[in-house]
Structure formats: C-alpha cells, structure tokens
Amino acid sequence: MKSARNPLDSCVSLTFPVSSGSVWNSAQSPKQTFAEGGRSERRHALPGLRSRRERLLGHRRGLSYRCWRWIILLASSCHESLLVFVFTTKINRYLKSDNKTDMSFRRGVVRQSKFRHVFAQAWKTEHCIDDVRVSRVTWDSPLCAVNPKFIAVIIEAGGGGAFLVVPLSKSGRIDQSSPTVCGHAAPVLDIQWSPHDDNIIASASEDCTVKLWQIPDGGLTSPLTEAIVTLEGHSKRVGILAWHPTAFNILLTAGCDNIICVWNVGTGELVYQLTDAHPDLIYNVSWNKDGSAVCTVCKDKALRVIDPRRGTVLKVREKVHDGTRPMRAVFLSDGKILTTGFSRMSERQMALWDTKDLSEPMAVQEMDTSNGVLLPFYDPDTNMVYLCGKGDCTIRYFEVTDESPYVHFLSLYSSKEPQRGAGFLSKRGVDVNKCEIARFYKLHERKVEPISMTVPRKSDLFQGDLYPDTASLEPALLADEWIAGQDASPLLVSLSGGYSAPPSKHRDTLRSKPKLVSQDSGTGAASPATGHVAAPCADKDTEEEVTQLRVAMRETDGSIERPKKEDDVLNELLAEMKALRAVVLAQSQRIELLERQLARIADGDV
C-alpha cells in the first residue's frame, strides 16, 4: 500500500506567475529570483528581517532564517490561496512537534517561585564574634556547628584538640582565657549537635575516638575535659559524624579506616559495623528523611545507597563525577540525592540523581574552576540547597523542584573575605519576624560572621508559606525501636510558637483588658495566657512580670524553646485581631469617602 503523499511535496515543481509578469519556477533558488526581480524588489521582499526582534523570534520559534526567506518570497510572488495552504501546513507541523524550547518560551522566561528574591545580608560588626582562632586542619569539614542555643567552632589548640562553645546570643571579642571543650588528645576534625537535645554535642578527632559532651544551659564556665560518653571502635582517625534524624541516641561515624560504625550512644554500644562496603576513603555520609538508609561517596568516585541495619549496598553508581578531588552527597526529602564534585577538567559540578535510576543524572550544573570543595547545606522545609566552598568568597543557593531542569539557580552572596568553613542554623532558631529562612555562620581566619537569608515581605503577619512545620526536638523513635527495624518520619512542630506579634499601633485606644478563657480549662496555665493578651495594654512593669512568669514556667517544664499550646492560640488571636482592625479601618475610610460623595450629590456639585 502506497504511503500518503505530502501535499507540500507537490508544490516543489509547480510554476507560479509573479508580479513582474514573468514565470518563477520553485526549483530556482531565492538568490536567482531576487536577482531577476532587482534590488528594489529585494528591499521590498525582506522588510521584516532587517529587525533584530523578528530574527530573534524566528530563531526562538525554531524556524531558520532561510525558512523565513522562503515564506516571505512566497508571500510576494504566489497566489494567496496557495500561500495560506503552505503556511498553515508548516505551522501545524511545527506545533505538533516536540519542541521544549518553544514551550518554555510560551510559558515565559521568568520562573515563578516565592524564593526567587531571597537575598543574603551579613550582620553588622558589633554582632559578630571576634578573635576566634579557627582551626587550620586540612580536613574538609565545616569546622562549625550551630543550634538554637549554642555555636561551636573548632579552634587551634596546642597539645591536643579543642573547640569553642558559646551561646548563640554572644557577640564581640572572645577572651583567650575563655573555657573550651578540650578532652581530645589530637586535633578535632568534626563536630555535630544532637538533633534531639540542644545541649549534647559529638566530636570526632584524630585520636581515633568519638566523644559526647553535655553543655550547661548558660554555656561553659570552666574547661570541659570529661566526656559523658567515649566511643572507641575505629583504628584510624575519625572525620565524619551523622546523627540519625528521627531515632534517639543513634549516631553514625566514619573514619579513615574505611569503616562505618553505628552507635547507640545511650549505652555506648556499637550496634552495626560496615567493613566491606567501601574500598577507599569515605568522603561523606548522609541519612535519608526517615533514617532507613544512608548515601555515601568514596574516593573511588562511586555513590552508594546503603541499608546500615542489614549491612547491604542497595545501589551503586560508578563515577558520579570524573574528577579526582573530594565529593559530597546529601539526601533530599523526596528521596533524590544531590552531589557536588569535580569534572575531568577540574570544574566544580553539582548533579541531581534519582535513586530509582542512577544510570544518568537528572541535572548537572557546572560552577567554576576553583579548587575548594563545595559543601552542600540542605533545607528540607524550603527545598533549597546552599553551596559553600572552602576558600571561596561566595555562597550560592538553588531551589530543587519537580520541573525541568530540576535545580534552579536563585542567587549568590559575595564578600571580600574567603571562608574557612560555615555553620548552618536549624530552622527552629531563625527569626520568623524578619522572614529569615536560613542563617549561616561564616568562619573567617579570626572571626565568626552571621549571614541571614531573607525573603522580602511587606506584611508583619506570620508568613505560613515560608515556614511549614519543621522537625522538632522530640524523636519519633527510640534507639531500640529503630534497631528492631522500625522507621518513622520526623515529628513536626509549628514555627508560629516562636513568632511574637508586633506592638499594636492603636494600643492607646484600648481601655479595658480583654478576658479570654484558656482552652485547657482547669489547668494552671490560664493566668499567664490571659496576661500575655493583656500585655499590649498594660504598663512596662506588667509586661516584665508576664515575661518573667512565662520564662519561669517554660524552664520548669524542661524545654525553654518548646512552643506552648496557649502561646499558639494567643498568637493566632492577636494576628486575627490585627487583621480585623485593619479591615475595620479600611471600611471606615471607605464609608467616609462614600459620605463625602453623597454630600456632593446632595449639594448639586455632581
């Protein structure tokens, strides 16, 4: 059976009458036809292609310059009916084709995202921590760990290893005689705060041990030399620490002996040990969201997904990055893996991988040719990735989405001073009143500089779209439950509890204290709740008494920063009252305007 003939093919050998009275054969080239028509006809036939806008449009639509010449040539020399047939056929074919460039052009160049305008701003000098002797160890670690209470920095120390721990509110110069944590016999390589206790920190050292320390609430008052737990199971220096995201007291360690150990730090017991999974030096280890698997990158350039409880390698991808320099990998909340490394030409790269199919990366982006290792910091709440290179002066941040090209560059923060390391504050510690979605603590040679990542918003209300529920201090599982095979997602907490409503602009108009009934009737928390609402209309002494009472109740409860149910309810009520006040004010202005218009109508002015 013969295939259907293309209607356009029948137009190839046709002959048309042209405007000059001569006959033009379609087999002739456009150059010959223009030569017959003369120079004036050429200027008349190609008026639009002199414009750069139309040339750009032609290339954007996928039609070449020569194709447009043929279309305009047909328009000037053919019958109208044949021109319509040819043009519509060409356009229909093009629209049916799978042209991704054209689709993106129709959607628009600018991608819609609420994080597109995130900007970074360094804090003022008086809020920085000065005279901190940051460690010069050559190990590629952040050298800093931050939680909502404390900031810890690995520092230079003679005759052993030490790190400095100060409250997060500390600023100014650090005295050289300030107490430190100095219980290691060799330099400290990595430190990590526990995700379920803001007073517990783990440290790994070149002395082949891992130690756990308990920091008092007010900070150190004397040098801390005695650890509460010492873990000994590595034969070479230990440089990697990773707390389990949901299970209590589960800590993973990796060292230069190419061995991964999983500990129950509550008992000091070595639970699992992986000795044959890696043939060479381990660069990085990262847990997934529920803690059922880890991903690792090794000196053999391979990416591995491992089940630590069974001790099996689930998936392997050889040569994630072709370069020989160190790599990093981090699990994303949706199960994908983001890696950073170097190409064969020593260009820094970032790649996104789907764990279901590791044959090809979903996206690859090349950065620059710097030598510093890119340290990825991932925020699961906003799905943003921050890349900090050791020795760089910039911090790049990206947003990971489900739409191609999957990894979208947002912006970068640049400064004059290179960074020795960086600490990433957990979401529970950011300032929600200023729409701060992330905060870094950049390590200079002798200074620690906070850098805030902020989304500009005009409203003073709590921005719920910027702050979804985040991981809380409460563990989802106990250590024995995870060892028995259970998995669970992190328990979430709302950040609205840390939001304090701005002072009312109409506080002088409030004459009486509103009386609210606590939802937990019969409990002793009703009086501070009522006092919290009445504080905007009370004097300063009353505000101080209410604040002291609330702090005392939180301290007796055992967790200062744990949001209270009463506080959440009161904050919501205050926000709703402010919104209603704004509506009433707007409606009163509208009523006044209508009354003036009515008066003008009554006076006959309109």
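Residues numbered from 1 in each chain as written. Predicted model: local features only at pLDDT ≥ 70, side-chain atom pairs only at ≥ 80, totals over all residues. Heavy atoms only, no water.

For the protein, the name recorded in an unreviewed UniProt entry is Coronin, with Solea senegalensis as its organism. Looking at the protein in UniProt, the text filed under Sequence similarities (unreviewed entry) is "Belongs to the WD repeat coronin family." (UniProt positions renumbered as here; feature names shortened; annotations may be inferred.)

The next subject is the overall build of the protein. For the protein, the count of helices and strands is 10 helices and 34 strands. Counting only residues that meet the buried cut, the protein has 44% of its 606 residues in that class. Considering only residue pairs separated by 6 or more positions, the protein has 52% of its internal contacts joining residues 24 or more positions apart. (Helix = DSSP H or I, 4+ residues; strand = E, 2+ residues; numbered from the N terminus. Buried < 20%, exposed > 50% of the residue type's maximum accessible area, 1.4 Å probe, protein only. Contact = heavy atoms within 4.5 Å.)

Counting 37 residues, the largest nonpolar core has Val 132, Ile 151, Val 153, Phe 163, Val 165 and Ile 215 as its most contacted members. Of all the secondary structure elements, the ones that give two or more residues to this core are strand E5 (144-146), strand E6 (150-155), strand E7 (161-167), strand E10 (188-194) and strand E31 (436-443). The greatest single-element share of this core, amounting to 6 residues, is contributed by E6. The contact partners of Phe 163, leaving out residues within four places of it in the chain, are Ala 152, Val 153, Ile 154, Ile 155, Thr 180, Val 181, Val 188, Ile 191, Ile 201, Ser 203 and Trp 213. (Core = buried A, V, L, I, M, F, W, Y, C linked by side-chain atoms within 4.5 Å.)

With that out of the way, let us pick up the packing of aromatic side chains. Applying the stated criterion to the full structure yields 11 aromatic pairs. Aromatic side chains Tyr 386 and Phe 440 sit 5.2 Å apart centroid to centroid with 70 degrees between the ring planes, which places their arrangement in the edge-to-face category. Taken as a pair, Tyr 386 in strand E27 (residues 384-389) and Phe 440 in strand E31 lie far apart in primary sequence, 54 residues in all. Given the relative accessible area of 0%, Tyr 386 is considered buried. With a relative accessible area of 0%, Phe 440 lands in the buried category. Seen in terms of ring centroids, Phe 398 and Phe 409 are 5.4 Å apart; in terms of plane orientation they differ by 65 degrees. Their pairing is edge-to-face. Taken together, the residues Phe 398 in strand E28 (residues 394-400) and Phe 409 in strand E29 (residues 407-414) connect sequence positions 11 residues apart. An aromatic cluster of three or more residues is present, and its members are Phe 377, Tyr 386, Tyr 397, Phe 424 and Phe 440. (Phe/Tyr/Trp six-rings, centres within 6.5 Å; stacked < 30°, edge-to-face > 60°.)

A word on the pattern of salt bridges. Two side chains carrying opposite charge are able to pair once their charged atoms lie near each other. Counted according to the given criterion, the structure contains 19 salt bridges. Across the pair Arg 428 and Asp 198 runs a salt bridge, and its minimum N-O distance is 3.1 Å. Note that Arg 428 is positioned in the loop between strand E30 (421-424) and E31 and Asp 198 in strand E11 (residues 197-205), a separation of 230 residues in sequence. A relative accessible area of 22% means that Arg 428 is categorised as partly exposed. Between Arg 457 and Asp 465 there is a salt bridge, with the nearest N and O atoms lying 2.9 Å from each other. A relative accessible area of 30% places Arg 457 in the partly exposed class. Connected through salt bridges with shared partners, the residues Asp 131, Arg 173, Asp 175 and Arg 446 form a single ionic network. (Salt bridge = Lys/Arg side-chain N within 4 Å of Asp/Glu carboxyl O.)

In this section: the sheet that holds strand E12 (residues 209-214). Strands sit in the order E10-E11-E12-E13 across an open sheet of 4 strands; the sheet is antiparallel. The sheet terminates laterally at E10 and strand E13 (229-232), the two strands that pair on one side only. On average, adjacent strands in this sheet sit at an angle of 20 degrees to one another, irrespective of strand direction. Bridge count between E12 and E13: 4 bridges; the pairing is antiparallel. When the sheet's bridge partners are listed, Val 210 is paired in E13 with Leu 231. (Pairing = 2+ DSSP bridges. Axes fitted to C-alpha atoms, helices over the stretch in contact; angles between N-to-C directions.)

Within the secondary structure, Gly 341 sits in strand E23 (residues 337-342). Taking the C-alpha atoms as reference, Gly 341 lies 9.0 Å from Ala 329; in sequence the two are 12 residues apart.

The next point concerns the confidence of the model for the protein. A residue-level look at the protein finds 70% of positions with pLDDT of 70 or above and a mean pLDDT of 78. Segment residues 52-61 is flagged for pLDDT under 50; beyond a separation of four residues in sequence, or across chains, it makes 15 contacts in the model. The model gives residues 549-562 a pLDDT under 50, and that stretch makes 17 contacts with residues more than four places away or in other chains. (pLDDT = per-residue confidence, 0-100.)

Once that is clear, we can look at the state of the cysteines. Per the stated rule, a full pass over the model turns up 0 disulfides. Sulfur of Cys 256: no disulfide; nearest cysteine sulfur belongs to Cys 208 and is 8.9 Å away. Assessed through its relative accessible area of 15%, Cys 256 is described here as buried. (Disulfide = S-S within 2.5 Å.)

Attention now goes to the sheet that holds strand E18 (residues 282-287). Taking strand neighbours across the sheet as the criterion, the 4 strands line up as E18-E19-E20-E21 in an open arrangement whose pairing is antiparallel. Of all strands in the sheet, those bounded by a partner on one side alone are E18 and strand E21 (312-317). Averaged over all neighbouring strand pairs, the angle between strand axes comes to 20 degrees, with direction disregarded. In the sheet, strand E19 (residues 294-298) pairs with strand E20 (residues 303-307) via 4 bridges, with the strands oriented antiparallel. Its bridge partner lying in E20, Val 297 is registered against Leu 303.

This paragraph deals with unusual backbone geometry. For the peptide bond that leads from Ser 404 to Pro 405, omega is 10 degrees, which places it in the cis range. Relative to the helices and strands, Pro 405 resides in the loop between E28 and E29. Despite not being glycine, Asn 383 shows a phi value in the positive range, around 60 degrees. Looking at where Asn 383 falls in the secondary structure, it is placed in the loop between strand E26 (374-379) and E27. Even without glycine at this site, Cys 435 takes up a positive phi of about 55 degrees. Of note, Cys 435 is situated in the loop between E30 and E31. Taking the relative accessible area as the measure of exposure, Cys 435 reaches 6% and is therefore buried.

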